[in-house]
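In case you want the letters, here they are:
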Amino acid sequence: MTPPTFVRRSIFAAVLFPLGIRPVRSVPADPIFAAIDYAKATDADLAVLLADLGEDVEEGERRANRASDIATRAFEALSEIRPTTDAGFRALIEFYAEHIELNEPCCTGGLYLRHVLAAIPEARA
């Protein structure tokens with residue numbers, strides 16, 4: 001005969017909670033991660049189109065211009081979103097450092113952002 005559910009849960013809690021094990025709470029995802037991923041994806045799509053405009057250059061330029069508009073809107077949307085976690089804040093700094101180094105290779109902005117990132121303590125538990 002198995003004990004009723006509430007008794008099993010009580011036994012489970014009595015054993016695990018003194019050990020410091022607590023139930024896991026669902027934490028909403030930091031919205032900055034999705035925004036960063038979208039900005040990266042739209043940049044990658046644009047790079048593919050710019051690398052090969054195809055036989056019909058005018059049509060290739062139209063497609064690249066549309067992709068550029070989408071990438072610009074994604075980047076603008078990213079700039080409106082604030083990280084809600086330490087990990088999201090670090091990811092945003094890393095994204096901007098990569099973006100600067102890719103688009104402005106002789107600029108020291110990426111180096112400065114990486115220095116700031118290294119100075120920020122790792123996320124607290």
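Please refer to the structure placed before this passage.
A brief look at the structure comes next.

Procedures and definitions
Residues numbered from 1 in each chain as written. Predicted model: local features only at pLDDT ≥ 70, side-chain atom pairs only at ≥ 80, totals over all residues. Heavy atoms only, no water. Helix = DSSP H or I, 4+ residues; strand = E, 2+ residues; numbered from the N terminus. Buried < 20%, exposed > 50% of the residue type's maximum accessible area, 1.4 Å probe, protein only. Contact = heavy atoms within 4.5 Å. Areas by Shrake-Rupley, 256 points an atom, 1.4 Å probe, with all protein chains shown as cover. Phe/Tyr/Trp six-rings, centres within 6.5 Å; stacked < 30°, edge-to-face > 60°. Core = buried A, V, L, I, M, F, W, Y, C linked by side-chain atoms within 4.5 Å. Salt bridge = Lys/Arg side-chain N within 4 Å of Asp/Glu carboxyl O.

All right, on to the overall build of the protein chain then. Helix and strand content of the protein chain: five helices and zero strands. Ordering the α and β elements of the protein chain from the N terminus gives α-α-α-α-α. Classification of the 125 residues of the protein chain by burial places 18% in the buried group. Put simply, of all contacts in the protein chain between residues at least 6 apart along the chain, 55% involve residues at least 24 apart. Approximately 9400 Å² of the protein chain is accessible, and the part contributed by carbon and sulfur atoms is 63%.

Further remarks concern the packing of aromatic side chains. Two descriptors summarise a pair of aromatic rings, namely the distance from one centre to the other and the angle between the planes of the rings. This structure, assessed with the given rule, holds three aromatic pairs. With a centroid separation of 6.1 Å and 70° between ring planes, the pair formed by Phe75 and Tyr96 is classed as edge-to-face. In this pair, Phe75 sits in helix 3 (residues 57–80) while Tyr96 sits in helix 4 (residues 86–103), placing the two residues 21 residues apart along the sequence. Its relative accessible area of 24% is what places Tyr96 among the partly exposed residues. Consider the rings of Phe95 and Tyr96, whose centres lie 5.6 Å apart with planes at 55°: the pair is tilted. With relative accessibility at 3%, the residue Phe95 sits in the buried group. A network of ring pairs unites the aromatic residues Phe75, Phe95 and Tyr96 as a single cluster.

So, on to the nonpolar core. Counting seven residues, the largest nonpolar core consists of Ile32, Ala35, Ile36, Ala39, Leu78, Leu92 and Phe95. Secondary structure elements with two or more residues in this core: helix 2 (31–51) and helix 4. Among the elements that make up this core, the one with the highest residue count is helix 2 (four residues). Residues within four places of Phe95 in sequence aside, it is in contact with Ile36, Ala39, Lys40, Phe75 and Leu78.

Taken as a whole and assessed by the stated rule, the structure comprises five salt bridges. Note that Glu101 and Arg114 form a salt bridge whose closest N and O atoms lie 2.9 Å from each other. Taken as a pair, Glu101 in helix 4 and Arg114 in helix 5 (residues 109–119) lie far apart in primary sequence, 13 residues in all. Residue classification places Glu101 among the partly exposed positions, given a relative accessible area of 35%. Judged by its relative accessible area of 29%, Arg114 is partly exposed. By sharing partners, the salt bridges in this structure join Glu59, Arg62 and Arg66 into a single network.

All right, on to the environment of Gly110 then. Locating Gly110 in the fold gives a position in helix 5. In contact with Gly110, other than residues within four places in its own chain, are Ala97, Ile100 and Glu101.

Within the secondary structure, Ile36 sits in helix 2. We classify Ile36 as buried; its relative accessible area is 5%. The sequence separation of Ile36 and Gly88 amounts to 52 residues, and the corresponding C-alpha distance is 9.6 Å.

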